[in-house]
Structure formats: C-alpha cells, structure tokens
Amino acid sequence: MLKIEIIPCLKDNFSFVIYNKINRNSLVIDPGEVEPIIYFIKKNNLKLNYILNTHHHSDHIGGNLELKKKYSLKIVGSKMDQKRIPGIDIVLNDGDIWNFENSEIEVRETPGHTIGHIYYYLKKENALFTGDTLFSFGCGRLFEGTYENMLSSLKLIKSLPHNTNIYCGHEYTLNNIKFCLSLDKENQILKKTYNEIKKKIDLNIPSIPTTLKEQISNNIFLNFDNIELKKKLKFENLDELNFFKKIRELKDQF
Ligand code: ZN
Ligand code: FE
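On a predicted model such as this, the values are computed, not experimentally measured, just so you know.

How each quantity is defined
Residues numbered from 1 in each chain as written. Chains lettered and ligands numbered in written order. Predicted model: local features only at pLDDT ≥ 70, side-chain atom pairs only at ≥ 80, totals over all residues. Heavy atoms only, no water. Core = buried A, V, L, I, M, F, W, Y, C linked by side-chain atoms within 4.5 Å. Buried < 20%, exposed > 50% of the residue type's maximum accessible area, 1.4 Å probe, protein only. Helix = DSSP H or I, 4+ residues; strand = E, 2+ residues; numbered from the N terminus. Contact = heavy atoms within 4.5 Å. Pairing = 2+ DSSP bridges. Axes fitted to C-alpha atoms, helices over the stretch in contact; angles between N-to-C directions. Donors = N, O, S within 2.8 Å, 3.2 Å for Na, K, Ca; no water. Tetrahedral: all angles 85-135°; square planar, octahedral: opposite > 155°, others 65-115°. Parallel < 35°, antiparallel > 145°, perpendicular 65-115°, else oblique. Left-handed = near helix turned anticlockwise from the far one by under 90°. Salt bridge = Lys/Arg side-chain N within 4 Å of Asp/Glu carboxyl O.

Asks: What is the right way to read the nonpolar core from this model?
Replies: Note that soluble globular proteins tend to have their nonpolar side chains buried in a common cluster. Ranked by internal contacts, the top residues of the largest apolar core, which has 33 residues, are Leu 154, Ile 220, Phe 221 and Ile 247. Elements with a minimum of two residues in this core: β9 (118-122), α4 (147-158), α5 (173-183), α6 (188-202), α7 (212-218) and α9 (240-253). When near neighbours in sequence (up to four residues on either side) are disregarded, Leu 154 contacts Thr 133, Leu 134, Cys 139, Phe 221, Leu 222, Phe 224 and Phe 244.

Asks: Can you walk me through the sheet that holds strand β5 (residues 74-78) in this structure?
Replies: What holds strands together in a sheet is hydrogen bonding between their backbones, with the strands either parallel or antiparallel. Read across the sheet, six strands follow the order β1-β2-β3-β4-β5-β6 without closing on themselves; strand pairing throughout is mixed. Single-partner strands in this sheet number two, and they are β1 (3-9) and β6 (90-92). Averaged over all adjacent pairs, the angle separating strand axes in this sheet is 25°, with direction ignored. Looking at chain direction, strand β3 (residues 25-29) and strand β4 (residues 47-52) are connected through five bridges and run parallel. From the neighbouring strand, Ser 26 faces β4, where its bridge partner is Leu 48.

Asks: What's the story with the environment of Ser 217 in this structure? I'm lost.
Replies: With respect to the secondary-structure elements, Ser 217 resides in helix α7. Along the chain, Ser 217 and Leu 190 lie 27 residues apart, while their C-alpha atoms are 9.9 Å from each other.

Asks: I would appreciate a short explanation of the coordination of the iron ion (ligand 2) in the present structure.
Replies: Bound to the iron ion (ligand 2) are the protein donor atoms Asp 59 (OD), His 60 (NE2), Asp 132 (OD) and His 170 (NE2), situated 2.1 to 2.3 Å from the metal. Geometry at the iron ion (ligand 2) is irregular, judged from the four donor atoms that bind it and their angles of 82 to 171° at the metal. Mapping the donors of the iron ion (ligand 2) onto the primary sequence yields the spacing D-H-x71-D-x37-H. The two metals, the iron ion (ligand 2) and the zinc ion (ligand 1), are separated by 3.1 Å and share Asp 132 as a common coordinating residue. A residue pair is termed long-range when its members are at least 10 positions apart, and His 60 in helix α2 (residues 58-61) and Asp 132 in the loop between β10 (127-131) and β11 (134-135) qualify at 72 residues.

Asks: Looking at this structure, I do not really get unusual backbone geometry. What am I missing?
Replies: Peptide bonds are trans in most cases, and residues, glycine excluded, mostly fall at negative phi. A cis geometry characterises the amide bond from Ile 208 onward to Pro 209, with omega recorded as 0°. For Pro 209, the location among the structural elements is in the loop between α6 and β14 (210-211). Of note in this structure, Asn 102 is not a glycine but carries a positive phi near 65°. In this fold, Asn 102 is placed in the loop between β7 (97-100) and β8 (103-109). Looking at Asn 102, the relative accessible area reads 66%, which means it is exposed. Look at Lys 234: it is not a glycine, yet its phi comes out positive at around 60°. Within the element layout of this structure, Lys 234 appears in the loop between α8 (227-232) and α9. Judged by relative accessible area, Lys 234 falls into the exposed class, the value being 65%.

Asks: It is not clear to me how the packing of helix α1 (residues 35-43) against helix α3 (residues 64-71) should be interpreted in this structure. Could you clarify?
Replies: Describing two packed helices takes the angle between their axes plus the distance from one axis to the other. Two elements in contact, α1 and α3, have axes separated by 10 Å at closest approach and are oriented at 30°. Between α1 and α3, the interaxial angle falls into the category roughly parallel. In terms of crossing hand, the pair formed by α1 and α3 is right-handed. Where α1 approaches α3, its residues Ile 37, Ile 38 and Ile 41 are matched on the opposing element by Leu 67, Lys 70 and Tyr 71.

Asks: When you look at the pattern of salt bridges in this model, what are you seeing that I'm missing?
Replies: A side chain with one charge can pair with a side chain of the opposite charge if their charged atoms come near. Applying the stated criterion across every chain yields a total of 14 salt bridges. Between Glu 186 and Lys 191 there is a salt bridge; the shortest N-O distance is 3.7 Å. Three or more residues joined by partner-sharing salt bridges are found here, namely Asp 81, Arg 84 and Glu 144.

Asks: When you look at the sheet that holds β14 in this model, what are you seeing that I'm missing?
Replies: Spatially, six strands are ordered β7-β8-β9-β10-β13-β14 in an open sheet, and the strand pairing comes out mixed. Two strands close off the open sheet at either side, each with one partner strand: β7 and β14.

Asks: What exactly am I supposed to notice about the coordination of the zinc ion (ligand 1) here?
Replies: A four-donor tetrahedral metal ideally has 109.5 degree angles, and a six-donor octahedral metal ideally has angles of 90 or 180 degrees. Distances from the zinc ion (ligand 1) to its protein donors, His 55 (NE2), His 57 (ND1), His 113 (NE2) and Asp 132 (OD), fall at 2.2 to 2.3 Å. Its four donor atoms give the zinc ion (ligand 1) angles of 84 to 171° at the centre, a pattern that matches the irregular case. Read from N- to C-terminus, the donor residues coordinating the zinc ion (ligand 1) fall into the pattern H-x1-H-x55-H-x18-D.

And the structure:
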C-alpha cells in the first residue's frame, strides 16, 4: 500500500507525493513549484522517480523541468497534452492502466477545464486525483472544453465507488461552500461543514481529501440530476446540461 502526502504549494495549489514506505520510491502529482517538493523528498529520504501531470496549466507543471534535471525522473501525462507538458516522456491514453510499485493507476480523460485534462485513480489506495476537474464542493472553470465535456467528466467521476477519497488541485473549499450556500441557503450540512473546514484552514490544515459520497451529497455541481434541489432553486425547468451550465455561470460571477 502506498502512502499519500499532500504538499501545499504556490498560493492555493496542492501537489501530492505518493511513495512506497519500504523502498522509498516516489512520484509527485502536479508539482506547481519545486522547493516544497525537494524539501519533502529530502526530509523523508525518498527517491523521486516520476512526475504525473493532470493538465498543462503552469500552476500544475511549473516544477517539471527543474525536478526532472535534479532527479533524472520521467514525466507522465496525457497523449492529448504531449505538446503542452514540458519534459513529458510517457504518454497515456484514456482507459490506460499505468503501474507504480505494484499499484494500478487508472487514467481517464476528463475534458472541460482543459481539453487534455485527465484524472489518476489509484484503485488499491482508493484515491482519485482530480486536478482542476472536480474540487471539494466545486468544479473547475471551463477554459477549453464545453459544458457537455465537463458534465460528462463529472458523470464519469460520479460513477466511481462512493467511498473514494478525492484529492483535488486547489484549496478552494471554503469559497466553494460559500457559493453553494448562496444558492442553497438553508442547507444545514453545508453550514456545519463550512465551520468544520474553517477551523482546519485556520490551523493551516488542508480541507482535503474529501469523499465522493460527501461531494455527491452536497456539491451543487454534482447535483445536476437532483430534482428536489432544482425545485428548491426554482430551476426545475432546466435539464441536466442547462442546470449545470446555469450553476457554472453563476459561479463564474460569484
Ligand atoms: Zn488548471
Ligand atoms: Fe490549477
């Protein structure tokens, strides 16, 4: 079983170091910057073998080339982003299983935020790395993909086991809950969750991982099929796609 460590970096990004506790082999997902990664690798006496990127944005690939030079590691990413991920060595396609230390990592395309966005799903570890597709109580902005793209990416994530732990690319959780509450004003669970997470953030503790179950219950972007919620928000006339579009547009202006 691999160990997963959350490494906050830049202003509000998360990188993740995943390592084998016995032989100290490790990989890093989305190294937005170099220093916090080197610090963690040194402190824990790890060998950094791979970088995995979820998408090509600079806050996720910023550390690629410097880390590659320092550790002579290999960089893994989507075939779709072959030309946009600096230093990429290993390209993966939708549905590929890539092995790391006897753990299977499933790759699926999740377009919407960008066209070449992928997720990494570690079955044995029960962990999903969603990058900027799904956030805790939110979802990524649409920079390149269509609303249809993002909606089907979110549906794909929803189809995973509900006890999956979700590790996303940014600490946006409090603001995301604020947005959910601006629409679903009397949601007591959201209010309670806000207060719990506020305490964590004040202590400099990341709000993640969350679980898919928690997100399906109260992340408004995963509730495009929730008829009761639509009624409550007076959007009962909107189908799944138009409801999602409406909510995403409201969030863009929030
Ligand atoms: Zn991004
Ligand atoms: Fe990002």
